[in-house]
Amino acid sequence: MALNIKPLADRVLVEPMEAETTTASGIIIPDNAKEKPQKGTVVAIGNGKKDEPLTVKVGDTVLYGKYGGTELKLEGKDYLMMRESDILAII
């Protein structure tokens with residue numbers, strides 16, 4: 001399903017992955033103790049800046065800072081709009 005949004009310049013729209021619900025040892029984490037996810041999938045990108053083309057592309061799984069980006073709710077889903085410089089790595 002295509003989103004009806006086009007980020008501008010070096011901005012990227014990321015769909016965060018779900019927070020972990022259990023630990024590696026099987027302990028269930030309550031909602032108020034879950035950490036914010038720091039990994040997501042790129043769903044839309046801008047055109048980049050004149051001298052700096054974007055290095056990420058739609059479909060890439062990326063790591064970003066814990067408090068990076070601006071939270072958006074589009075068509076009932078949560079997304080983050082951030083600059084490409086806020087992305088730490090492509091996985």
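Going by the structure above, here's the rest.
Computed from a prediction, not measured in an experiment: that's the story for all the values here.

The subject of this paragraph is the environment of Leu3. Within the secondary structure, Leu3 is located in the segment before β1 (11–16). A C-alpha to C-alpha distance of 21 Å links Leu3 and Ile87, two positions 84 residues apart in sequence. Setting aside chain neighbours within four positions, we find Leu3 in contact with Leu13, Val43, Glu75 and Tyr79.

Within a regular strand, side chains alternate between the sheet's two faces. In terms of strand pairing, β1 meets strand β5 (residues 77–83) through four bridges, oriented antiparallel. Within β5, the position partnered with Leu13 by the bridge is Met81. Pairing between β1 and strand β2 (residues 39–45): five bridges, direction antiparallel. Looking across to β2, one finds that Glu15 is bridged to Thr41.

Further remarks concern the environment of Gly46. Secondary-structure assignment places Gly46 in the loop between β2 and β3 (61–64). Assessed through its relative accessible area of 6%, Gly46 is described here as buried. Those residues within four positions of Gly46 in sequence are excluded, and the remaining contacts are Lys6, Pro7, Leu8, Ala9, Arg11 and Leu54.

Here six strands make up an open sheet; going across it, the order is β4-β5-β1-β2-β3-β6 and the pairing antiparallel. Strand pairing shows two members of the sheet lacking a second neighbour, β4 (70–74) and β6 (87–90), which therefore form its edges. Here the average twist between neighbouring strands, direction ignored, is 45°.

It is worth spelling out the side chain of Asp60 at this point. The residue Asp60 is located in the loop between β2 and β3 in this model. Classification of Asp60 as buried rests on a relative accessible area of 12%. The contacts of Asp60, once residues within four sequence positions are left out, are Gly40, Thr41, Val42, Thr55 and Ile90.

Rules and cut-offs
- Residues numbered from 1 in each chain as written.
- Predicted model: local features only at pLDDT ≥ 70, side-chain atom pairs only at ≥ 80, totals over all residues.
- Heavy atoms only, no water.
- Helix = DSSP H or I, 4+ residues; strand = E, 2+ residues; numbered from the N terminus.
- Contact = heavy atoms within 4.5 Å.
- Pairing = 2+ DSSP bridges.
- Buried < 20%, exposed > 50% of the residue type's maximum accessible area, 1.4 Å probe, protein only.
- Axes fitted to C-alpha atoms, helices over the stretch in contact; angles between N-to-C directions.

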